[in-house]
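# Summary of the model geometry
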Amino acid sequence: MRINKRSILFGVLTLVIFTVLPLYAQNMIPQEYLRAFSSQGLNVADLVNKVAFIGLVMSILILLKGFFEKTSAAFLALSIVSTVFWLLIVFFALGMGKIENLGLTVISSEAGDVSNTVIFDIRLFAYLATIIVGLKIVHSILKFREARLKTVAVQPTQPSLPTDKAQDHKPQTPTE
Amino acid sequence: MKRIKALRLGIIGFEVLTIALCVLSVYTLFNALSTAISGGTLNLNLDVDESTGEWRFVLNGNPRNGGFLGITLFFEVAVLDLSGQDIARNSTSVYIPAGGANQFSLSLTIPPELVPGGSLEEAEGYFELRFAVRTLGDLVGFTNILKIRGQAP
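The paragraphs below set out a description of the structure included in this document. (Residues numbered from 1 in each chain as written. Chains lettered and ligands numbered in written order. Predicted model: local features only at pLDDT ≥ 70, side-chain atom pairs only at ≥ 80, totals over all residues.)

Turning to the overall build of chain A, a few remarks are in order. Check the secondary structure of chain A and you find six helices and two strands. Each helix and strand of chain A, ordered N terminal to C terminal, gives the series α-α-α-α-β-β-α-α. Within the span of chain A, comprising 176 residues, buried residues form 14% of the whole. Sequence-distant contacts in chain A: of pairs separated by 6 or more residues, those separated by 24 or more amount to 64%. (Helix = DSSP H or I, 4+ residues; strand = E, 2+ residues; numbered from the N terminus. Buried ≥ 20, exposed ≤ 12 C-beta atoms within 10 Å, placed from the backbone. Contact = placed C-beta atoms within 7 Å.)

Next comes the structure, spelled out in C-alpha cells:
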C-alpha cells in the first residue's frame, strides 16, 4: 500500500480550511451577533458544526483516495463517493445550511402583528449540479476502465511453466 | 481516450457556465433588491373616496434594473379577513431588461362595507404584500411576503 504525499497535503488543507478555521472563528463572533442571527432563525453554531463535519469527511475521503492506485476498484468507489459528497456540499450551500431544501430556502420571522417570509429559489443550480455530478461519475468510470485496459496491455504475458508431467511427455530429441 | 478528454472538457465547460450563471443571477437579484425597490422608485398611496366610501390602495413604481440579466418584478397586494379569506386582491408583473427601467401601477379597492366605522385602523384582518424578483427566464428568484394583522382597538 502506497501513501500519496499530495493526498496528505490536500487532506490536511481541507481539514484546516473547513474544520479547524470555522470552529476557531466561531468563538471569535461576538455573542450579540449570534443572538441577532438566532432571532432571524439562523443558528450559526449548527451551521459551523455542519461545515466542520463536511470538512472532516472530505479530508478523510481525500486521504483514503491517496492510499489506492487509480486502477483499483476502491479508488473508483472513493471517487464516486467524494463526487456525490461534493453534490451534498453544493446542496448545503444553495440551501443555506439545509441540504434537504435543494436550493429552495424559506426564512420566516414574526414580530407582534407582522410576519415576514423570504423565499430564495435557486433550485435550477441544484439541478445543474446534479447533472454535473452524474457526468463526473460517468467520466470516473470511463477513466477507470481506460486505466485498467492500459494496465492489462502493459503487463507482459507470463509464459506457462512446464510441469513435471509435461516434461515427462515432452518428446525427446533424438541423440546421436 | 479522445472521448474521455472530450467529456472532461465538456464537464469543465458546463461547470464554468453554471458558476457564471449562478454569480450573474444572484448579483442581478441582489442588485434588483437594492435598486428596484429603494431610492424612491416606489410610491404608495392609500386614499378614501368620500363619495362612495371605498378605500383605494395604489402602488406606483418606476423600478430600474442595474443587473446583467433581465428581471421580472411581481407585486401583489391583498386584504384578507381573520379566517384568511380574500376580501380584495390584485397583482401585476413587469419585465425590466438589463440596465433598463419600466413603469407599473397596481391598485386595490376595498368596498366600504368591509371597513367597519370607515376606518382601516379599526378593521380586523390581514394586509398582505407580496413582492418577487425573478431572473434567468424566471428560473431563479426571490420572494418576500409581508403580512400585517389589523386588530380592532
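Interfaces are often described in size by the accessible area the parts lose on coming together. Residue-level contacts link 22 residues of chain B with 20 residues of chain A. Secondary structure elements with two or more residues in the side of chain B that touches chain A: α1 (2-35) and β7 (140-150) of chain B. Examining the composition of the side of chain B that touches chain A, we find that ten residues originate from one element, β7 of chain B, more than from any other. Per-class residue counts for the side of chain B that touches chain A are 13 nonpolar, five polar and four charged. Relative to β7 of chain B, strand β2 (residues 114-121) of chain A runs antiparallel, the two sharing eight bridges. Directly across from Val114 of chain A, in β7 of chain B, lies its bridge partner Ile148 of chain B. (Nonpolar A, V, L, I, M, F, W, Y, C, P; charged D, E, K, R; others polar. Pairing = 2+ DSSP bridges.)

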